[in-house]
Amino acid sequence: PFPVYARLREEDPVHWSPSLKSWIVTRYTDVRDLLLSDTLSVNRLLQFYQSLPPADALLLKDIVRYLNLWLAFRDPPDHTRVRRIMRHAFTADAIAEMRPRIEDISDLLLDRLAAAGTKDVDLIKEYALQLPAFVIMDLLDVPRDMLDDFKDWSDDMAVFIGGARNSEDKYERAARGCRNMSTYFRKLIEERTAHPKPGFLMDLINARDEGDKLSDDELVATCILVLFAGHETTTNLIGNATLLLLRNPDELSKLRADPDLIDTTIEEVLRFDGPTNALVRVVAKDHDFHGRKLREGERVFVMVNSANRDPQMFDDADSFDITRKQNRHLTFGQGIHLCLGAKLAREEGRIAIRKLFDRFPDLALDAENPPEWLDAMVPRGTRRLPVKLEG
Ligand code: HEM
């Protein structure tokens, strides 16, 4: 998509796409300014919900009820209140405590790969997907043997949230996924409340600000949000980082020579090929933007991955340079919705990549099986990343 972004930045930075029936914003300063302004809203569900035929609306009642409580889909003042409460569970200390567990998970998965005795693996399926899933499940106190159930339920829900795959029974699936997921978390929260055990979930249950706390529904919704927000994005970070390093052997050599470069390496992966192409908004009130008339209710794709390649902001923007200093990418968003899990995601990325290349120094792309990219507007990553573990 990057050549298309470059053309749009040059020729039509606030572009109306008739096929998507949406605005596409591609320049760094515009992306940043829009994310910081209150002219756009994140609450895009209500309008969609109101347009549904009654039978579908009934089916989706529950899922929409929970999603409407997601921090990511709420505008101030509700967003302000919920974020203020939630930040007590997302402290730097709470995340730093995760480090040894992330290392254990990474070792466990790499041990499994080494023991399997096969050289050819899909790195997404066997590593990049499982690592963040286990981290988030540990964080939420969900036993690891629930992985397959969780994967099924979130795939079912993703039919609705991602909107990428179309199938006849998509709303039934989404409703079922949400029912399973919310029932599971509701029970877990009840159990933890009755038998407290320190950790992130307990912090979330206890999180209070000025006496205010999360309601029961908000707690369930937040568990589901953390599971979603922290999962596919981090998988794509690990996948994209592996692919970029294997395709840029000079950069990989620099990292091998100086392992402290891992911090700037992960930042550069986040900038150069970040896990989310776009953030989605709706216009909150009619206004002019660079001479274009944005009308209330219209959808806007705010293209962070294009902003991150804007030559007005980054020197040599199209080159992948793991020593890059000034790297103010917008991959974790900007403004009030700035990613709450950014510290955790960075930590996971650093550990996953360092340990992978340490354990398999001859790791290489599979020349006969090229990576398969996801075909979607929002997530950016590979569906399959075939590699050879040994030369
Ligand atoms: C919000 C990116 C990992 C939790 C966001 C937003 C972005 C983002 C761009 C803002 C969305 C918007 O403005 O519409 C990423 C990326 C990740 C990642 C690229 C991995 C590389 C995580 C993890 C967690 C997490 C691991 C949790 C454990 C959240 C939450 C929000 C959020 C709770 C909502 C914040 C709000 O609306 O105030 N993320 N994220 N994210 N992220 Fe992340």
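Residues numbered from 1 in each chain as written. Predicted model: local features only at pLDDT ≥ 70, side-chain atom pairs only at ≥ 80, totals over all residues. Heavy atoms only, no water.

Novice: Let's hear about the pairing of strand S10 (residues 299-302): which residues, and what values?
Specialist: Pairing geometry for strand S2 (residues 22-25) and S10, over 4 bridges, is parallel. Paired with Ile 24 across the bridge in S10 is Phe 301. Judged from the 4 bridges that link them, strand S7 (residues 279-283) and S10 form a sheet pairing that is antiparallel. Bridged to Val 280 within S10 is Phe 301. (Pairing = 2+ DSSP bridges. Helix = DSSP H or I, 4+ residues; strand = E, 2+ residues; numbered from the N terminus.)

Novice: Tell me about the coordination of the iron atom of the ligand, and please be specific about residues and values.
Specialist: Under perfect tetrahedral coordination by four donors, a metal shows angles of 109.5 degrees; under perfect octahedral coordination by six donors, it shows angles of 90 or 180 degrees. You will see that the iron atom of the ligand has only one donor from the protein, Cys 339 (SG), lying 2.3 Å away. Following the sequence through the fold, Cys 339 ends up in the loop between helix H18 (304-307) and helix H19 (342-359). (Donors = N, O, S within 2.8 Å, 3.2 Å for Na, K, Ca; no water.)

Novice: Please set out the pattern of salt bridges residue by residue, giving values where relevant.
Specialist: Two side chains bearing opposite charge may form a pair once their charged atoms approach each other closely. The tally for this structure, following the rule as stated, stands at 35 salt bridges. The closest approach of N and O atoms between Asp 12 and Arg 292, which form a salt bridge, is 3.2 Å. Of this pair, Asp 12 sits in the loop between helix H1 (2-11) and strand S1 (14-17) while Arg 292 is found in strand S9 (residues 292-294), placing the two residues 280 residues apart along the sequence. Residue classification places Arg 292 among the partly exposed positions, given a relative accessible area of 29%. For Glu 218, the salt bridge is made with Arg 81, and the minimal N-O distance between the two is 2.5 Å. One end of the pair, Glu 218, is in helix H14 (residues 216-229); the other, Arg 81, is in helix H6 (residues 78-86), with 137 residues separating them in the sequence. By relative accessible area, Glu 218 is classed as buried at 4%. Look at the salt bridges and you will find they share partners, linking Asp 62, Arg 65, Arg 186 and Asp 217 into a network. (Salt bridge = Lys/Arg side-chain N within 4 Å of Asp/Glu carboxyl O. Buried < 20%, exposed > 50% of the residue type's maximum accessible area, 1.4 Å probe, protein only.)

Remember that the coordinates give geometry; whether it matters functionally is a separate question.
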